[in-house]
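# Architecture and fold: a report
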Amino acid sequence: MANTVPKVDVHAPPKEYYSGSAALKSVAVGRSRSRSYQRAYQQYIPHAEENDDDSTSSSTSGSENNGSGRARNRTLRRRGSLDVRSVHPRRFLVDIDVIEKALLDQEDSNKDFQITVEDSGPKVLKVPTESSGGFRTFEVRGTYMLSNLLQEMALARDYGMNQVVIDEERLNENPVDRLSRMIRTVFWNGLVRCMDESGIQAICADPKNAKPGASPIIYVPFDDHPAFEYYTKMARDLSQLSIKVVKLPQDITPRYVNSINEKFGVLSLAADVSYDANGGLVYRPLPFVVPGGRFNEQYGWDSYFEALGLLVDGRYQLGKNMIDNFVYEIKHYGKILNANRSYYLTRSQPPFLTDMILKVFEALPANTEDEKARNHEWLRKSFDAAITEYMDVWTSEPRFDRKTGLSCYHTTGIGMPPETESTHFDHIVEPFAKRLGVSVEEYKKMYSSDEINEPELDEFFVHDRAVRESGHDTSYRLERRCANLATIDLNCLLYKYEVDIADTLDEHFGGQFEWTGGREMTAAEWRVRSETRRLSINKYMWNEQKGLYFDYDVSLGEQSVYETVTSLWALWAGCATPAQARRLVEIGCRKFEVSGGLVSGTEESRGKISLQRPNRQWDFPFGWAPHQIMAWYGLYNYGFVDVARRFAYRWLFTITQAFVDFNGCVPEKFDVVNMTHRFDVEYGNVGSDFKKVVREGFGWMNASYQVGLTYLTSHMRRALGTLTPPDVFFRKANWKIDGTPSHSPATTPGPIPVFISEVGTPRYRPQSNALFNALRNLKIRSGHAMPATSDTMYSSSASTSSGGLADADADADADADADVDVDMRVEDPSNPASFLGAQQAGGYDLAASTARKPARKTKKTKK
């Protein structure tokens, strides 16, 4: 019976490829125990003949025969990162201890346990072939293949392998396919955490969750009795960890949160709770995805972008779990938290919940009536929590500005944020300490214990916490003023909330929803809310002269002058008119598009950088995954398909290039101007410091890659796989780069992104029939008839604000918007009674006018 080599999927996940050792059962591997093989390893490979029975190595060999049968050494020539793929499949027989040591000794010149383009080695290593039983060798060449070899050996070690067979196709795999596969099969798994008995040990070991020498603490909500029972038992079972379980008070006040700053710990999250036949508790905490690096908790807006990537890869259950955790946080902690740590109890993050719910809901299996019923109930529960968050957090004090109808980031915390390094605020505190004649450390203790009342310092920390709540920590755009800024990004997100809720109530709940907050809500009410906010955004934030949206300072009553890429979020939310969208894309491309993608803000807005005024990580020249994803979606949604794809290609090229040249690195952020992840900036660059192999990537960076690939045509993907620089590709492909699509969306080839429902026009349009009918039925303006068509509802508002200039000859459509703006303003949209009262004051009852009446049965009579 002939001996055959076991069939192995060369691109299988590491667990499948290495565990079980199927590849090591071939006959050739059995011969590798020969003395010839051992002698070759002992002398090590550079002295062995390199001829292989499959093929021979190139003339750039590291040794050549001198005619006497002996090999003499000569200098190996360095090779590039990419090499041509072999015509014949080849497999390498690798003794991990030997090859890894030789590889690092020869190639890792800076001793960082990575093989990168910065290393000065020859970029050539001879590795034994499997078909020769390890006696003959073949050269592995180039940074990319050598770094992949190092990574594969590290992954094999994870499964207890000391000797392994590795396919050459696994080492020279197309980098786009390899990175996408690594994200799908390795990185997501590496980012999963769970607050069960096995996972809590890693979470509690995180130095951010407990001070050195102190016992780790798990905080549990006052009324979550199963959680308290579960974690109390866990603390007894894991006595070696000395875990403390603390029940939070029923009323979690800022003063209480400040009092536990020195006793910080993790907060419990959602779980599947049931009871067995004997009444025993069965408590299963839900797994979730974390950003990565030093971040081992579930973060607010990170989770949304991670969920988008998870959905592309079919991991909808993890996305659903994270939403369930958010619902739990809203119920027990009053808001979606920055992350589930104790000192975040007074702080939220950018709100994406409604869109996240809808994306996951669309992906849930619905093959049976039972599944559909469960999904519908989950949707009801999730949207009920989203409405509660909207009402209690974003349209309530201190985050809601009554005068403008806009919302700001504004936390309720007091004192210094405890998550920073101990010396982080010393330069801020020092002048106050000198004034009192005490040391900085003494002053900080006195300030934290309320022995000192310093309003100026209080105001500084209010703004500092608001910056952290915004997710954009830190940026000169927000520094020392964030709590007074109605930011364009936040108000676009809340507009999307309002439209999502209206659409969901119409599509899934018959236009009415019994909110657990105490009253019934209607879709028409939420459409009015969304239109009110849209008009406020136009009035206070749109600048026609500059062609951008700007943050609005509610304290000073004027627009900020900082040009931010989050201006493009209006396209994602769908609150820009077509005219505004065209202007926004035209200006946005000029100001924010750089070589490696979209930059956070303009260099002019950031200002000059010096030792006294260092760079901030959310300013120029840095680019972040959330900004890219939001722009792609918005541009695609408005029909700027080519622009979206161009932006996506730039960003994906930046990621792919770093992945190829720097040992598979997938960092938190990039300098997109210089297209590098190597820079000095506050907080560093999470994900760039690792040994041998990347096991996690970074959450939203992983997602941006998987999502971004759905935008590319097959032509673009092939170019990306060969690392064709963006400008070279666009020039050769005759691709326009001025913001104007080179062809219409209807004829654009390539796949439609899986998470985009519509293409060509904004999905959430104020001129929709549903909104027009709602406004007409409400008769907002007493005695003033609504227009016959809804076109005016989508025209650009020409309202003039302190920072926005409007044409003097504004058209009638803009005047119509202005009229509606005045009449739709309500005293407090967060207060249902106030909202209804404003309508009733004009002689119209919102509830009565929008309530769905039962259909009357009538008898048909014959004439």
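Keep in mind the model is a prediction, meaning the values are calculated, not measured.

Of the regular secondary structure elements, the protein holds 31 helices and 26 strands. Each of the 863 residues in the protein was classed as buried or not, and the buried ones make up 58%. In the protein, 73% of the contacts between residues at least 6 apart in sequence involve partners at least 24 apart. For the protein, the accessible surface area stands at approximately 35,600 Å², while carbon and sulfur atoms represent 49% of it.

What follows deals with the sheet that holds strand β8 (residues 217–220). Whenever strands of a sheet pair, they do so through backbone hydrogen bonds, lying parallel or antiparallel. Strand order in the open sheet made by the three strands is β9-β8-β10, with parallel pairing throughout. Among the strands making up the open sheet, the edge pair consists of β9 (244–247) and β10 (266–267). Where β8 meets β9, four bridges bridge the pair, whose relative direction is parallel. The residue of β9 that forms the bridge with Ile218 is Val245. Against the sheet, helix α9 (residues 225–237) touches β8 and β9, its axis set at about 160 degrees to β9.

Turning our eyes to something else, we now look at the pairing of strand β6 (residues 163–167). Among the five residues of β6, five are classified as buried, and the element is accordingly described as predominantly covered. Alternating residues of β6 divide into Gln163, Val165 and Asp167 and Val164 and Ile166, and every residue in both groups is buried. Relative to β6, strand β3 (residues 91–95) runs antiparallel, the two being bridged by five bridges. By the bridge assignment, Phe92 is partnered in β6 with Ile166.

Note on placement: Glu531 falls in helix α19 (residues 523–540). A polar contact of 2.9 Å, which involves the side chain of Glu531, links it to the side chain of Arg534.

Quick look at the packing of helix α13 (residues 353–363) against helix α18 (residues 488–508) now. Here α13 crosses α18 at 40 degrees, and the two axes come no closer than 8 Å. Regarding the angle of α13 to α18, the classification is oblique. The segment α13 lies against α18, with Leu353, Thr354, Asp355, Leu358 and Phe361 engaging Lys496, Tyr497, Asp500, Ile501, Thr504 and His508. The class makeup of the residues in the contact of α13 with α18 is five nonpolar, three polar and three charged.

Judged by nonpolar contacts, the single largest core of 213 residues is most densely connected at Val94, Leu149 and Tyr231. Core analysis: the second largest hydrophobic core is formed by 13 residues, Ile428, Phe432, Ala433 and Ile452 among them.

Interpretation of this model should avoid reading the predicted coordinates in detail wherever pLDDT is low. Summarising the model, the protein shows a mean pLDDT of 82, and 76% of its residues fall at 70 or more. Under a pLDDT of 50 for its full length, residues 30–37 has, in the predicted model, 17 contacts with residues more than four places off or in other chains. Across residues 45–73, confidence stays below pLDDT 50; counting only partners more than four residues off in sequence or on other chains, it has 71 contacts.

The subject of this paragraph is unusual backbone geometry. Cis rather than trans, the peptide bond between Asp473 and Thr474 has omega equal to 10 degrees. With respect to the helices and strands, Thr474 occurs in the loop between α17 (455–470) and β16 (485–486). The omega angle of the peptide bond from Phe620 to Pro621 is 10 degrees, so this bond is cis rather than trans. Checked against the element boundaries, Pro621 lands in the loop between α22 (603–606) and β25 (622–623). Even without being a glycine, Arg480 presents a positive backbone phi close to 65 degrees. Looking at where Arg480 falls in the secondary structure, it is placed in the loop between α17 and β16. For Tyr683, which is not glycine, the phi dihedral falls at a positive 70 degrees.

By the definition in use, this model includes 51 salt bridges. Between Arg380 and Glu377 there is a salt bridge, with the nearest N and O atoms lying 2.7 Å from each other. With Arg380 and Glu377 both in helix α14 (residues 369–394) and three residues apart, the pair spans about one turn of that helix. We classify Arg380 as partly exposed; its relative accessible area is 27%. What makes Glu377 partly exposed here is its relative accessible area of 40%. Counted as one network, the salt bridges with shared partners bring together Asp97, Glu100, Arg157 and Lys692.

What counts and how
Residues numbered from 1 in each chain as written. Predicted model: local features only at pLDDT ≥ 70, side-chain atom pairs only at ≥ 80, totals over all residues. Heavy atoms only, no water. Helix = DSSP H or I, 4+ residues; strand = E, 2+ residues; numbered from the N terminus. Buried < 20%, exposed > 50% of the residue type's maximum accessible area, 1.4 Å probe, protein only. Contact = heavy atoms within 4.5 Å. Areas by Shrake-Rupley, 256 points an atom, 1.4 Å probe, with all protein chains shown as cover. Pairing = 2+ DSSP bridges. Axes fitted to C-alpha atoms, helices over the stretch in contact; angles between N-to-C directions. Polar contact = N/O pair within 3.5 Å; in protein donor to acceptor, adjacent residues only side chain to side chain. Parallel < 35°, antiparallel > 145°, perpendicular 65-115°, else oblique. Nonpolar A, V, L, I, M, F, W, Y, C, P; charged D, E, K, R; others polar. Core = buried A, V, L, I, M, F, W, Y, C linked by side-chain atoms within 4.5 Å. pLDDT = per-residue confidence, 0-100. Salt bridge = Lys/Arg side-chain N within 4 Å of Asp/Glu carboxyl O.

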